[in-house]
Amino acid sequence: MNKKIQSALISVFYKDGLENIVQLLADNGVIIYSTGGTQTFIEKLGLKVVPVEDLTTYPSILGGRVKTLHPSVFGGILGKRDDNTHVQEMKQYNIPEIDLVIVDLYPFEETVATTTDEKSIIEKIDIGGPSMIRGAAKNFKDVVVIAAKKDYPELEQLLKDQNTTTTLEQRKSFAAKAFEVVAHYDVAIAKYFNPSESLYFLESITNPKAMRYGENPHQSGVFYGDLTKLFDQLNGKELSYNNLVDVDAAMQLIKEFSETTFAIIKHTNVCGVAQRPTVKESWDAALAGDPESAFGGVLVCNGTINKATADAINEIFFEVLIAPAFDSDALAVLKSKKNRILLQLKSQPAASEQYKSLLNGVLIQGIDEGNYTEWKETGGRETTDTEKADLGFANLVCKHLKSNAIALVKNKQLIGKGCGQTSRIDSLRQAVEKAKQFKFDLTAAVMASDAFFPFNDCVQLGHEAGITAFIQPGGSIRDNDSIEYCKKNNLAMVITGMRHFKH
């Protein structure tokens, strides 16, 4: 059913873009009710406005906490026009019908982001605003509700095109948006009061962006969030669902390292990573670790991409390159392929938790932070300085491989890896074969395992391949089998006390 707007209540914090709407309403003879700063804003435009206080016969009280919470306001919003009892009661109590409600909410999230002062934060919990929005949305059969300034352009165009008349479908659409605005607002408040423990899974993320498809072409996909806070896209096509998954894995890995490091990610696993004095040397070493798997991968480094590095990278096909900075001549080289995605990293995600949907619920856990909780030398000898550096590096790399995971490292270069296998010994066999495939000498290399060795077969096979030092979390009832093997064969072993399963 079409309805013409004859009266409007406007009370907003953000007034940008409101001028044309107010002017259109006034030009069409719509009665405008308002209060506070919005009333002053409309009056400065030279337009007639009725103070809400004239409706309620009460002034704004309690420092502005109570001004619209009154039957004359909510009756006008909630009154059903096709209900004779409602109509008669509105006449009896001189309650005018309100056909349009434009109300936004106090900037609670913005306040939390800029101060820790509890008093300031609490005062930005809106009460009247959400109530008016919910009331108007509930009564969408008769009322239009606008709850966010992003909807101003749509309302303005509608007022122009339809001469201040709206359809039921349009009103219901605005109501749906309004309920989402209030829901998001309430989640932000609840999370402030319950930052760690809650009876409900509370999360509300804005800025939906439809993907071309999900993990596969027959699956739909949407990303919620603001990627511009993390990086600027300097070149290339839109990021796909799979791109985003690999970009996340790449960013999680690279934040582990402070020294110059280059890494290559494929299907969220590390297939090449190395640490060297320069970005170019790091790239060369990372690529050498597995040049086959690098094809079509996601590349990430923590240093500036110069032209020499860009020229080398340009020789292979890759999907995405992430770096904190690019020299201008390097960009010129890398932009030679129009679909190649170049991301300039600005900051890392600040999340302290991660979650996934499974079964009929959601699973939440803290981020896997850290490398080890202890450094316990349990082998036949102490680790050398070189082994210690390689073991620390290898353990971080192994942390970012799918379980069961094994990482073989030499001189801070991944030279073999096994991941996603159903037995640890199979992951080790895979890692050794990878190293042999690309002609790496495993003599004096080190091995990291994401979880304990259930038997001594892994250290035995590693020793036979040339590995001299091992790092693992420990915790097996048969830890001593592996420890005794290392002692008998003068091999170093470090137990960390920190497991790094990744599924």
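Located above this text is the structure these notes cover.
Not measured: the values here are computed from a predicted model. (Residues numbered from 1 in each chain as written. Predicted model: local features only at pLDDT ≥ 70, side-chain atom pairs only at ≥ 80, totals over all residues. Heavy atoms only, no water.)

Digging into the overall build of the chain
What the chain contains, in helices and strands, is 18 helices and 25 strands. Radius of gyration (C-alpha) of the chain: 31 Å, far over the 23 Å computed for a compact globule of 503 residues. Over its C-alpha atoms, taken along the principal directions, the chain stretches across nearly 95 × 55 × 40 Å. Residue pairs in contact within the chain that sit at least 24 positions apart in sequence constitute 56% of those at least 6 positions apart. With an accessible surface of roughly 24800 Å², the chain has 51% of that area assigned to carbon and sulfur atoms. (Helix = DSSP H or I, 4+ residues; strand = E, 2+ residues; numbered from the N terminus. Rg over C-alpha atoms; globule rule 2.2 N^0.38 Å. Contact = heavy atoms within 4.5 Å. Areas by Shrake-Rupley, 256 points an atom, 1.4 Å probe, with all protein chains shown as cover.)

Remarks on the side chain of serine 282
Among the structural elements, serine 282 can be located in helix H12 (residues 279–289). Looking at serine 282, the relative accessible area reads 0%, which means it is buried. Once residues lying within four places of it in the same chain are set aside, the contact partners of serine 282 are Thr260, Thr261, Phe262, Ala274, Gln275 and Arg276. (Buried < 20%, exposed > 50% of the residue type's maximum accessible area, 1.4 Å probe, protein only.)

Overview of helix H2 (residues 36–44)
Residues Thr38, Gln39, Phe41 and Ile42 constitute the buried set of H2. Taken end-on, H2 shows its buried residues confined to a sector of 160°, consistent with a single buried face. Buried residues along H2 sit in contact with strand E2 (7–11), helix H1 (19–27), strand E3 (31–34), strand E4 (50–51) and helix H3 (52–56). Backbone geometry just after H2 places glycine 46 at a positive phi near 80°. (Arc of directions from axis to C-beta.)

Observations regarding the side chain of serine 34
If you trace the backbone, serine 34 turns up in strand E3. A polar side-chain atom of serine 34 sits 3.2 Å from the main-chain amide nitrogen of glutamine 39. Other than its neighbours up to four places away in sequence, serine 34 contacts Ile10, Gln39, Ile42, Val49, Val50, Pro51 and Val52. (Polar contact = N/O pair within 3.5 Å; in protein donor to acceptor, adjacent residues only side chain to side chain.)

Observations regarding the pairing of strand E12 (residues 269–275)
Taken across its seven residues, E12 has seven buried, putting it largely inside the fold. Strand direction decides the pairing type here: strand E11 (residues 261–266) and E12, joined by six bridges, are antiparallel. When the sheet's bridge partners are listed, phenylalanine 262 is paired in E12 with alanine 274. Adjacent in sequence and paired antiparallel, E11 and E12 are bridged by two residues, among which histidine 267 carries a positive phi angle near 50°. (Pairing = 2+ DSSP bridges.)

Focus on the nonpolar core
Grouped together as the largest cluster of nonpolar side chains are 41 residues, with contacts concentrated most on Leu239, Val247, Val270, Val320, Ile322, Leu343 and Val397. Not counting residues within four places of it along the chain, the set of residues in contact with leucine 343 comprises Phe231, Asp232, Gln233, Leu239, Val247, Val320, Leu321, Ile322, Ala323 and Phe326. The next biggest cluster of nonpolar side chains, apart from the first, holds 29 residues, and it includes Ile77, Val101, Ala137 and Val181. (Core = buried A, V, L, I, M, F, W, Y, C linked by side-chain atoms within 4.5 Å.)

A word on empty space enclosed by the protein
On inspection of all chains with the given rule, the structure shows one cavity of 30 Å³ or more. Computed from the structure, the largest cavity encloses a volume of approximately 30 Å³. The wall of the largest cavity is formed by Cys271, Gly289, Asp290, Leu414, Ile415, Gly416, Lys417 and Lys434. Tallying contributions element by element places strand E22 (residues 414–418) first for the lining of the largest cavity, with four residues. Tallied by class, residues from the lining of the largest cavity come to three nonpolar, two polar and three charged. (1 Å grid on protein atoms, 1.4 Å probe; cavity = no way out; pocket = protein on both sides within 12 Å on 5 of 7 lines; lining within 4 Å. Points joined across faces, edges and corners; volume = space filled by probe spheres on them. Nonpolar A, V, L, I, M, F, W, Y, C, P; charged D, E, K, R; others polar.)

Thoughts on the packing of H1 against helix H9 (residues 152–161)
Where H1 contacts H9, the two axes come as close as 9 Å, and the packing angle between them is 25°. By the criterion of interaxial angle, the relationship of H1 to H9 is roughly parallel. In the crossing of H1 with H9, the sense of the turn from one axis to the other is left-handed. Packed against H1, whose contacting residues are Asn20, Ile21, Leu24 and Leu25, the element H9 presents Tyr152, Leu155, Glu156, Leu159 and Lys160 at the interface. Here the contact of H1 with H9 is composed, by residue class, of six nonpolar, one polar and two charged. (Axes fitted to C-alpha atoms, helices over the stretch in contact; angles between N-to-C directions. Parallel < 35°, antiparallel > 145°, perpendicular 65-115°, else oblique. Left-handed = near helix turned anticlockwise from the far one by under 90°.)

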